[in-house]
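Examination of the molecular architecture
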Amino acid sequence: MASNPPGACCYKGVKHEGEATGEFVTIGDFEAYVSWPEDKSTENAILLITDVIGHRFINAQLIADQFAANGYFVLTPDLFDKDPITLNRPDGFDIMKWLNGEYHPQKKAHLPPTVDPIIDASIVELRTKYNAKKIGAVGYCFGGKYVIRHLRPEAGKIDVGYTAHPSFVEADELKDIKGPLAISAAETDHIFPTEKRHESEAILKDTGLPYQINLYSGVEHGFAVRADLSNPVTKYAKESAFIQALQWFEEHLK
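Quick caveat, the model's predicted, so the values are computed rather than measured.

Side note on the nonpolar core
Phe67, Tyr140 and Phe249 are the most contacted members of the largest nonpolar core, which has 75 residues in total. The biggest single contributor to this core is helix 8 (residues 232–252), with 7 residues. With residues up to four places along the chain from it excluded, the contact list for Phe67 reads Ile46, Tyr72, Val74, Val138, Tyr140, Phe242, Ala245, Leu246 and Phe249.

Concerning the packing of aromatic side chains
Summed over all chains, the structure comprises 14 aromatic pairs. Plain terms: the ring middles of Trp36 and Tyr130 are 5.9 Å apart, the flat faces sit at 70 degrees to each other, and that makes the pair edge-to-face. Of the two residues, Trp36 is situated in the loop between strand 2 (30–35) and strand 3 (44–49) and Tyr130 in the loop between helix 3 (112–128) and strand 5 (134–140); the sequence distance between them amounts to 94 residues. Grouped by ring-pair contacts, the aromatic residues Phe67, Tyr72, Phe242 and Phe249 constitute a single cluster.

A closer look at the packing of helix 1 (residues 58–69) against helix 8
Packed helix pairs are characterised by how far apart their axes lie and by the angle those axes make with each other. Contact pair helix 1 / helix 8: the axes reach a minimum separation of 11 Å and the direction vectors enclose 45 degrees. One way to sum up the angle between helix 1 and helix 8 is to call them oblique. Note on packing geometry: the crossing formed by helix 1 with helix 8 is right-handed. Seen from helix 1, the contacting residues are Ile63, Gln66 and Phe67; seen from helix 8, they are Lys238, Phe242, Ala245, Leu246 and Phe249. Tallied by class, residues from the contact of helix 1 with helix 8 come to 6 nonpolar, 1 polar and 1 charged.

Conventions adopted
Residues numbered from 1 in each chain as written. Predicted model: local features only at pLDDT ≥ 70, side-chain atom pairs only at ≥ 80, totals over all residues. Heavy atoms only, no water. Core = buried A, V, L, I, M, F, W, Y, C linked by side-chain atoms within 4.5 Å. Buried < 20%, exposed > 50% of the residue type's maximum accessible area, 1.4 Å probe, protein only. Helix = DSSP H or I, 4+ residues; strand = E, 2+ residues; numbered from the N terminus. Contact = heavy atoms within 4.5 Å. Phe/Tyr/Trp six-rings, centres within 6.5 Å; stacked < 30°, edge-to-face > 60°. Axes fitted to C-alpha atoms, helices over the stretch in contact; angles between N-to-C directions. Parallel < 35°, antiparallel > 145°, perpendicular 65-115°, else oblique. Left-handed = near helix turned anticlockwise from the far one by under 90°. Nonpolar A, V, L, I, M, F, W, Y, C, P; charged D, E, K, R; others polar.

Next comes the structure, spelled out in structure tokens:
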């Protein structure tokens, strides 16, 4: 694997303050949060693929709104059929049982056979209803796997990818990307540790595609979404990772 399976660090962190400015829409049988740029253009779109806390988490919505404020139309789908993990779930919660659907009312697993169709439908919606010419994807933790799985510009899917602290990525998935990929990594991360980061660097080099990996000191897994903004070190890293993504899309998407 290019990163390890998710763990408790995937749903621990700090809820941020702010008022979301987007709106909710329905795509087929799932909900999505959409954020519009000031000029209402949908030519350059971003598919925001969340961590396990999902699309109704204010932190994710504020990030989507920030991308919109920088000129992108942003779509953030519900990946979990109204079954996200709540922030700072008490000890005893088993994330692997959640992934396999044991907590879902209909026992729906949160694995590729269920999530991939949501990503595909979101891309189709962006290409058809919204007439997006270019699609970038942002994936945090859980979402990083799906940025990588769908990074296939030649197939009309994701054109450019960015992920922060990715989890559950298989080496073969990373080897199979067909577009530029940037990664924000945490100094302390049991899911994307040093050895997995170095393995990913070697794989990305072999692809021959543009790539970037930035390592942020003093932070842990989840910092790009759930950082403690009262801590200047983690606040800087979160903001810098966002700017990294913006610069990546400015270079490769527009």
